[in-house]
Amino acid sequence: MTVKNSGWKKTLLGMVLSLFVLLAFGPFASADDPSQIKPDGENPFITDRAKVLTADTSQLINQQNQRAESDEKQPQIAILTVDSTDGMSIADFTNELTLGKNWKVGSKKENNGILIVFAKNGGQNKIRVATGTGAEAYLPDGKIHQLFVKNQDNLKSQDMAKVDQGIRQLIQDIEASYNQALGGETEKKNPFQSAPSGLIAFILVILAILLVIVIVLVLKSLGRYQGQSQRPGSARHSSGASGFFWGWLIGDLLSSGSRHSYYDDDDDHFGGGGGFGGGGDFGGGGSDF
Amino acid sequence: MTVINENTPFYKKRGVQVTAGIVAVFLILIMMFVSSSNGLNKQEQNVDAATGEIQTALQNRADLIPNLVNAVKGAQGQESAIYGKIADARTQYNQAKQSYDNASSQDKKTSAMQGQDRAFNLMVSTIQENYPDLKSSDQMGTLMAQIEGANNRVTYERKKYNQAVQDYNNKVVSFPSSLVAGMTGHSKMAYYQADESAQKNPTVDFSK
């Protein structure tokens, strides 16, 4: 007797419908929602959404980051320009960026990243320089303010060419001030850096799965060896339960160990080398104008 | 042909298998309990660490007040009443700090920190109200930037703290870790609310 199973069609329809609903009414994050903004794919250090920067400014930033590649004491500099912060103060906007996981600028060891955020905000030209906790000592808030004041005519101009010039000069001033404070301190980067935590976790998971497979196979073979004479069904039963237990045990121990909160995730967005250094601790430092 | 009382291996005896099954279930339950409990404790540690960060930020910010007081000393007609008010607010701050140091629970710590926040804002608004004509000289601009920077650090650490508290509270209320939370004495923690008076005076602007 065949049982007509049209149930699977209903299930499939249900899945398609729910998928459609999810996609159609998914979260409407605006393009300028800081938690959604990701660094530019080609060059994470320069995300020029407001199309303000010129090649000269880009070159300046790239040069600094090359220096930072070989010397840990040199700060990585990244810049983000947006048209609008959607009503948020530029400080809150930058806070949200640095609290997320996409903007881990600066060496992981030194936490000396510098993130510059510029927002047109309808002509207000708000600009903020956020300093990592390791950069604060060399570039305190008061100093940043003075540099803003020095460049304010260009920065607050409605002529974008002047703004670009202002930003370029600001970066030069920042570098000069920072290097003066450093006083010649350098720290050559160790090429054999420890593997990112994500990689280690991945390897552990693979090993754990192999371990589970080995245990299950061993138990199965034990069962098969001893269960050949009588009641093979119950022997299969007990080894199945053991396999389930071990699989569950290892899976749960691993999962509770690697639970990250949203603000805690320290994965380097670009897998190291050529991307941000992973220095995530900005601590809300910096100043805006 | 069935043979009665045939020698069955130990592990195949029905009684042994049932017992093994019960023990396995027991072990699973214990494992789940332990992992939930560890998760709760770990989250509690995160909250603890975040509290320390806020306290540091609060203290660094409060340390700027003497600079502010010195900056206004040279300005028009020092009324001793103003300094009296500032001194009172300073006392309030120190009392709140004392409460924090003596706090026996997380919620007591949070409310002590809120007290520190209020006292700081009182100091700043006292100065702001009484020196409205203070011109923004270069020195004042720099000091203003420092105070705003300090304010932002407190805001930042508070956000991190509230996120840690949220993660902890989620664990405390969701099943099945809620059962474990009840058994191990973990209860929901309070969030660190921003001081309302700070929202009325968002920036220290002496040019206004």
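Parameters at a glance
- Every chain is numbered on its own, with residues counted from 1 as its sequence reads.
- Whichever chain is written first becomes A and whichever ligand is written first becomes 1, with later ones labelled in order.
- Totals for whole chains, interfaces and linings use every residue, but because this is a predicted model, local features are given only for residues with pLDDT of at least 70 and side-chain atom pairs only at 80 or more, for both listing and counting.
- Heavy atoms from the whole structure form the basis of all side-chain values; hydrogens and water molecules are not counted.
- Numbering of helices and strands starts at the N terminus; helices are DSSP runs of H or I of at least 4 residues and strands are runs of E of at least 2.
- Throughout, a contact is declared for two residues whenever any of their heavy atoms are within 4.5 Å.
- All accessible areas in this document rest on Shrake-Rupley with a 1.4 Å probe, and a residue is counted as covered only by the protein chains that are shown.
- Each reported salt bridge corresponds to a side-chain nitrogen of Lys or Arg within 4 Å of a carboxyl oxygen of Asp or Glu.
- Working definition: with a 1.4 Å probe on protein chains only, accessible area under 20% of the residue-type maximum means buried, over 50% means exposed, and in between means partly exposed.
- In this scheme, strands are said to pair when DSSP sees at least two bridges between them.
- Axis definition: a line fitted to C-alpha atoms, limited for helices to the stretch in contact. Angles are taken between N-to-C directions and run from 0 to 180 degrees.
- A crossing counts as left-handed when the near helix is turned anticlockwise from the far one by less than a right angle, and as right-handed when that turn is clockwise.
- Residue polarity is assigned by list, with Asp, Glu, Lys and Arg as charged and Ala, Val, Leu, Ile, Met, Phe, Trp, Tyr, Cys and Pro as nonpolar; anything else, Gly included, falls into the polar class.
- As used here, the term nonpolar core means buried Ala, Val, Leu, Ile, Met, Phe, Trp, Tyr and Cys residues forming a set that is joined through side-chain atoms within 4.5 Å.
- UniProt positions are given in the numbering used here, feature names are shortened, and annotations may be inferred rather than shown by experiment.
- Seen with its strands pointing away from the viewer, a crossover is right-handed if its path from the first strand over the helix to the second goes clockwise.
- Here the word oblique covers every angle except those under 35 degrees (roughly parallel), over 145 (roughly antiparallel) and from 65 to 115 (roughly perpendicular).
- By convention, a stacked pair of Phe, Tyr or Trp rings (six-membered ring in the case of Trp) has centres within 6.5 Å and planes under 30 degrees apart, an edge-to-face pair has planes over 60 apart, and any other such pair is tilted.
- The arc refers to the directions leading from the helix axis to the C-beta atoms.

**Things to note about the overall build of chain A**
Part 1: Helix and strand content of chain A: eight helices and five strands.
Part 2: Reading the secondary structure of chain A in the N-to-C direction produces α-β-α-β-α-β-β-α-α-α-α-α-β.
Part 3: Of all intrachain contacts in chain A linking residues separated by at least 6 positions in sequence, the fraction that spans at least 24 positions is 73%.
Part 4: Per element, the accessible surface of chain A, about 15700 Å² overall, is 59% carbon and sulfur.

**Comments concerning the pattern of salt bridges**
Residues and elements named next belong to chain A.
Part 1: One pass over the structure, following the stated rule, counts 16 salt bridges over all chains.
Part 2: Across the salt bridge formed by E187 and K109, the nearest N and O atoms sit 2.2 Å from each other. In this pair, E187 sits in the loop between α6 (160-182) and α7 (197-226) while K109 sits in the loop between α3 (90-99) and β3 (114-119), placing the two residues 78 residues apart along the sequence.
Part 3: Residue class for K109 comes out exposed when judged on its relative accessible area of 56%.

**A few points about the pairing of strand β4 (residues 126-131) of chain A**
All names here are of chain A.
Part 1: By the criterion of burial, β4 is predominantly enclosed, with five of the six residues buried.
Part 2: As paired elements, β4 and strand β5 (residues 286-288) share three bridges and run antiparallel to each other. Considered in β5, the bridge of R128 is made with D288.

**Section: the packing of helix α4 (residues 141-150) of chain A against α6(A)**
All names here are of chain A.
Part 1: Look at α4 against α6: their axes get within 10 Å of each other, and the N-to-C directions meet at 145°. Here α4 runs over α6; the crossing is right-handed. Facing α4, whose interface residues are K143, L147, F148 and K150, α6 presents Q169, L170, D173, I174 and S177.
Part 2: Looking at the contact of α4 with α6 residue by residue, the class counts come to four nonpolar, two polar and three charged.

**A closer look at the nonpolar core**
Part 1: In this structure, A:I116, A:I127 and A:I167 are the most contacted members of the largest nonpolar core, which totals 46 residues.
Part 2: When residues of this core are traced back to their parent elements, those giving at least two are α2 (55-70), β2 (77-82), α3, β3, β4, α4 and α6 of chain A.
Part 3: With seven residues, the top contributor of residues to this core is α6(A).
Part 4: Once you skip the residues sitting within four places of it in the chain, A:I116 turns out to touch A:I77, A:A78, A:I79, A:L80, A:I127, A:R128, A:V129, A:I171 and A:I174.
Part 5: Counting 40 residues, the second largest nonpolar core, distinct from the first, contains B:A50, B:M113, B:A164 and B:V165.

**Section: the environment of A:G278**
Part 1: On the secondary structure map, A:G278 appears in the loop between α8 (232-257) and β5.
Part 2: For the pair A:G278 and A:Q66, spaced 212 residues apart in the sequence, the C-alpha separation amounts to 16 Å.

**Quick look at the UniProt feature "transmembrane region" (unreviewed entry) in chain A**
Part 1: The positions UniProt marks with the feature "transmembrane region" (unreviewed entry) are residues 199-219 of chain A.
Part 2: Measuring from the first to the last C-alpha atom of residues 199-219 of chain A gives 31 Å, for a span that is 100% helix and 0% strand.

**Some words on the sheet that holds β4(A)**
Residues and elements named next belong to chain A.
Part 1: A sheet is described by the order of its strands in space; here five strands give the open sequence β1-β2-β3-β4-β5, paired in mixed fashion. Two strands close off the open sheet at either side, each with one partner strand: β1 (46-48) and β5. Between one strand axis and the next, the sheet turns through 10° on average, direction left out of account.
Part 2: Docked against the sheet, α2 engages β1 and β2, running at close to 150° with respect to β2.

**Section: the UniProt feature "transmembrane region" (unreviewed entry) in chain B**
Part 1: Within the UniProt annotation, "transmembrane region" (unreviewed entry) is assigned to residues 15-34 of chain B.
Part 2: Taken end to end, residues 15-34 of chain B comprises 100% helix and 0% strand; its first and last C-alpha atoms sit 29 Å apart.

**Topic: the pairing of β3(A)**
Residue and element names in this part refer to chain A.
Part 1: Burial within β3 is extensive, with six of its six residues counted as buried.
Part 2: Neither face of β3 is open: one carries I114, I116 and F118, the other L115, V117 and A119, and all of them are buried.
Part 3: Looking at chain direction, β2 and β3 are connected through six bridges and run parallel. By the bridge assignment for β3, A78 is matched with L115.
Part 4: Note on the crossover from β2 through α3 to β3: the handedness is right-handed.

**Quick word on the packing of helix α1 (residues 14-62) of chain B against helix α4 (residues 106-130) of chain B**
All names here are of chain B.
Part 1: At a minimum axis distance of 11 Å, the contact between α1 and α4 shows a crossing angle of 20°. With respect to each other, α1 and α4 are oriented roughly parallel. Remark: the crossing between α1 and α4 carries left-handed chirality. The segment α1 lies against α4, with V47, D48, T51, I54, Q55, L58, Q59, R61 and A62 engaging Q106, K109, M113, Q116, D117 and F120.
Part 2: Its residues placed into classes, the contact of α1 with α4 shows six nonpolar, five polar and four charged.

**Points about the packing of aromatic side chains**
Part 1: Enumeration over the complete set of coordinates arrives at five aromatic pairs over all chains.
Part 2: Here A:F148 and A:F289 contribute two aromatic rings whose centre-to-centre distance is 5.6 Å and whose plane-to-plane angle is 20°, an arrangement assigned as stacked. Taken as a pair, A:F148 in helix α4 and A:F289 in the segment after β5 lie far apart in primary sequence, 141 residues in all. By the burial criterion, A:F148 is buried, and A:F289 matches it.
Part 3: Centroid distance B:Y161 to B:Y192: 6.4 Å. Interplanar angle 80°. Geometry classified as edge-to-face.

**Structural notes on helix α6 (residues 177-184) of chain B**
Residue and element names in this part refer to chain B.
Part 1: Inspection of α6 places S177, V180 and A181 among the buried residues, and these make up the whole buried set. The arc enclosing the buried residues of α6, seen along the axis, measures out at 105°, which places them on a common side. Exposed and facing more than 90 degrees away from the buried side of α6 are G182 and M183.
Part 2: A positive backbone phi angle near 75° is found at G185, which sits one or two residues after α6.

**Looking at unusual backbone geometry**
Part 1: Here B:F175 and B:P176 are connected by a cis peptide whose omega angle stands at 0°.
Part 2: Within the element layout of this structure, B:P176 appears in the loop between α5 (138-173) and α6.
Part 3: Phi is positive for A:N111, close to 50°, though the residue is something other than glycine.
Part 4: The phi dihedral of A:N121 falls on the positive side, at around 45°, and the residue is not glycine.
Part 5: Looking at where A:N121 falls in the secondary structure, it is placed in the loop between β3 and β4.
Part 6: Classification of A:N121 as buried rests on a relative accessible area of 18%.

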